[in-house]
Amino acid sequence: MSGGRLVLPVVLSATFVQLLNVTVAQVAAPAIQAGLSAGPGAVQLVLAGYTLTYACLLIPAARLGDRYGYRRLFVAGTVVFTAGSLAGACAPNAASLIIARLVQGAGSGVVAPQVLSLIQAATHATRRPRAFGLYGATMAVASLAGPLIGGLVLSADLFGLGWRPVMLLTVPVALASLAGATALPRTRGADGLRVDKLGALLLTMGAGALVLPLALGREAGWPWWTWAGFAVAVAALGYFVRSLPHRPDPLIHPAVLRDRSARRGTSLVFVFNTGVPSFTYLLFLHLQSAVGYSALAAALASAPFAAGAVVGSRAAPALTRRHGPTVLTVASLILAGMCLALVPLVGSAAGRQAALPVLAVGGAAFGAFTASVFTLVLAQAHGPAAGSVSGLLPTAQQLGGSIGVTAAGLAYYAPAADADTAFRHAMLYQVAAFTITALISLRLHQRPGTVATTRPRGRAF
């Protein structure tokens, strides 16, 4: 369709700001903590809150898009995201900023599944591979540009506003997406399609009850309400799983629970993402808070990791065709090795220079893993589980990131004699996450001929 050419700039700009919003907040975390006199737990919630609501709304929003039309949900989500961005820039305290980030994440969670659906609806089949390639490139560019743009804005200290302009970075692009929404196709909703409201409520409640005490429990001295939160999380998530076969139109097809490959693949994505983006968060935090780097210097120091990720993602298809799931195992072990190598290097100026190629190699491993894992996991899924897994993997990705940031913060802020010891604790957490990922990946068994030919079945969410 000719309209597809107009659709791509609109929907890709939305994708760009969603991912930019993650990385710019990471580089701004120390400035936010100082500017709002916030504790470490509150800052972790600023980061984790965004990906939490993002993750919990992905699958329900996809159903809502099918029901009410993709364009309508795209516009609604973008409005919510923009409102959250403006509220975050004006936040008078940490609690207000956390709420604004939750709103931002909710807007992104509504928009994200509509992006892929609109590309499919508006782009001719012969042009879809190029369109989805541009989608992947947009994600890579946003991840690379976010820290650099955030560092530049923080260093400039525009109008003496400190970190607040960082929250406004995404607003002009989001407004441009809204202005271009008239070019999006008007898809008709499917009458009678139901959304699993109970499932969405249980998933959100369970994830929130887990993340909140993880983030705030250490500072509060682990009072009774933190343990009550863990109990609520276990009860809500347990009931969510147990009741899947008995609810009409569940968020996740019950076949996922019976398919061993689907369970392993989802666990693999979840565990890997407890190590990312927490790694970049910890690196930015340590370089600025302990080493004394400016936000821009910290962003430049991490640039080899992002650049390596772009190279690794480009090489991933050929590596996957040749080596299959072994790519995931090797990439995870390289990342674990990178984290171990950084412990002695970050403590001195000469070591930090030597750390740059180490970060580049780790970034290439990260790019190869992320560009390969969805295809490899989907190649393992059988029958009705395959469709649900394609929507469940991005949810596991975002939830893993939320929980990982809070868990990594616990490791960094654990009692330590000095900053170097704190960084060692944090890197050991990362090593554990990536090593467990490697062990899970060993259980993935490639079925002959699947990697080169398998594509996500049906819609992406």
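Keep in mind that what you see is a predicted model, and the values were worked out from it rather than measured.

How each quantity is defined
- Note that residues are indexed from 1 along each chain, following the sequence as it is written.
- Per-residue local features are limited, in this predicted model, to residues with pLDDT of at least 70; the limit for side-chain atom pairs, both in listing and counting, is 80 or more; totals at the level of whole chains, interfaces and linings are taken over all residues.
- Working from all heavy atoms in the structure, the side-chain values ignore hydrogens and water.
- Each helix corresponds to a stretch of at least 4 residues labelled H or I by DSSP, and each strand to a stretch of at least 2 residues labelled E; elements are numbered beginning at the N terminus.
- We compute the radius of gyration over the C-alpha atoms and compare it with the globule rule, which gives 2.2 Å times the number of residues raised to the power 0.38.
- Only protein chains enter the area calculation, which uses a 1.4 Å probe; residues under 20% of their type maximum are buried, those over 50% are exposed, and those in between are partly exposed.
- Two residues qualify as a contact provided that any one of their heavy atoms is within 4.5 Å of a heavy atom in the partner residue.
- Each accessible area is a Shrake-Rupley estimate made with a 1.4 Å probe; only the visible protein chains count as cover when residues are assessed.
- As used throughout, the charge tally considers Lys and Arg to be positive and Asp and Glu to be negative, leaving His and the chain termini uncounted.
- Taken as the charge location is NZ of Lys, CZ of Arg, CG of Asp or CD of Glu.
- Only the contacting stretch of a helix is used when fitting its axis, a line to C-alpha atoms as for every element, and angles between N-to-C directions run 0 to 180 degrees.
- Note that the term roughly parallel is reserved for angles under 35 degrees, roughly antiparallel for angles over 145, roughly perpendicular for angles of 65 to 115, and oblique for everything else.
- Handedness of a helix crossing follows the sense of rotation of the near helix relative to the far helix, less than a right angle counterclockwise being left-handed and clockwise being right-handed.
- Under the grouping applied here, Gly and all other residues not named as nonpolar or charged are polar, the nonpolar ones being Ala, Val, Leu, Ile, Met, Phe, Trp, Tyr, Cys and Pro and the charged ones Asp, Glu, Lys and Arg.
- Given the number of residues in a helix, its expected span is that number minus one, multiplied by 1.5 Å.
- Any carboxyl oxygen of Asp or Glu that lies within 4 Å of a side-chain nitrogen of Lys or Arg is treated as forming a salt bridge with it.
- Any pair of nitrogen or oxygen atoms within 3.5 Å is treated as a polar contact; in protein, a donor-acceptor pairing is required on top of that, and neighbouring residues in sequence qualify only through side-chain atoms on both sides.
- Centre distance within 6.5 Å is the pairing criterion for rings of Phe, Tyr and Trp, where only the six-membered ring of Trp is used; planes under 30 degrees apart are then read as stacked, over 60 as edge-to-face, and the remainder as tilted.

## Quick look at the overall build of the chain
The number of helices and strands found in the chain is 18 helices and zero strands. In terms of C-alpha radius of gyration, the chain reaches 21 Å, essentially the compact-globule figure of 23 Å for 461 residues. By principal-axis analysis of the C-alpha atoms, the chain measures approximately 60 × 50 × 50 Å. Across the 461 residues of the chain, 55% fall into the buried class. Sequence-distant contacts, at least 24 apart, represent 83% of the contacts inside the chain between residues at least 6 apart. Surface accessibility of the chain: about 18,400 Å² in total, with carbon and sulfur atoms responsible for 67%. Placing the 31 positive and 9 negative side-chain charges of the chain at their respective mean positions leaves the two points 12 Å apart.

## Notes on the packing of helix α14 (residues 326-345) against helix α15 (residues 349-380)
Two measures define how a pair of helices packs: the angle their axes make with one another and the distance between the axes. Relative orientation of the contacting elements α14 and α15 amounts to 155°, with a least axis distance of 8 Å. Classified by the angle between their axes, α14 and α15 sit roughly antiparallel to one another. Read as a crossing pair, α14 and α15 show a hand that is left-handed. Considered class by class, the residues forming the contact of α14 with α15 number 20 nonpolar, four polar and one charged.

## Concerning helix α12 (residues 278-291)
With 14 residues, α12 ought to run about 20 Å at 1.5 Å a step, and its terminal C-alpha atoms sit 18 Å apart, in line with that. For α12, the full list of buried residues reads S278, F279, T280, Y281, L282, L283, F284, L285, H286, L287 and Q288.

## Describing the side chain of T78
Among the structural elements, T78 can be located in helix α3 (residues 70-89). Non-local contacts of T78, meaning those with residues more than four positions away in its chain, are made with V111, A174, S177 and L178.

## Some remarks on the pattern of salt bridges
The tally for this structure, following the rule as stated, stands at one salt bridge. Between R247 and D196 there is a salt bridge, and its shortest N-O distance comes to 2.9 Å. Placement of the pair is R247 in the loop between α9 (224-242) and α10 (255-258) and D196 in the loop between α7 (170-179) and α8 (197-220), with a sequence separation of 51 residues. Like D196, R247 is buried.

## Looking at the packing of helix α2 (residues 40-68) against α8
Packing of α2 against α8 brings their axes to within 10 Å, and their N-to-C directions diverge by 170°. In terms of orientation, α2 lies roughly antiparallel with respect to α8. Of the residues in α8, those in contact with P40, G41, A42, Q44, L45, A48, L52, C56 and P60 of α2 are A200, L203, T204, A207, G208, V211, L212, A215, L216, R218 and E219. The class makeup of the residues in the contact of α2 with α8 is 14 nonpolar, four polar and two charged.

## What to know about helix α11 (residues 260-275)
Every α-helix carries 3.6 residues per turn, so stepping three or four residues along brings you back to the same face. In this model α11 runs 23 Å from its N-terminal to its C-terminal C-alpha over 16 residues, within 8% of the 22 Å that 1.5 Å per residue would give. Counting buried residues in α11 gives twelve out of 16 residues, a clear majority hidden from the surface. Buried within α11 we find S261, A262, R264, G265, T266, L268, V269, V271, F272, N273, T274 and G275. Capping the start of α11 is the job of one residue whose side-chain oxygen sits 3.0 Å from the backbone nitrogen of S261: D259.

## Overview of the packing of aromatic side chains
The final tally for this structure, using the stated rule, is ten aromatic pairs. Between Y50 and Y54, the aromatic rings sit 5.9 Å apart at their centres with planes inclined by 85°, giving edge-to-face as the arrangement. One end of the pair, Y50, and the other, Y54, are both in helix α2, four residues apart, so they sit about a helical turn from each other. For Y54, a relative accessible area of 8% gives the class buried.

## Comments concerning unusual backbone geometry
The amide bond that connects V276 to the next residue, P277, takes the cis arrangement and shows omega of 20°. Mapped onto the secondary structure, P277 falls in the loop between α11 and α12. Phi is positive for D157, close to 45°, though the residue is something other than glycine. Structurally, the position occupied by D157 is in the loop between α5 (128-156) and α6 (164-168). One non-glycine residue, D249, lies in the positive phi region at around 50°.

## Considering the environment of L285
Mapped onto the secondary structure, L285 falls in helix α12. Since its relative accessible area comes to 3%, L285 is described here as buried. Taking C-alpha positions, L285 is 33 Å from L202, a pair spaced 83 residues apart along the chain. Those residues in contact with L285, other than ones at most four positions away along the chain, are P30, A290, Y412 and Y413.

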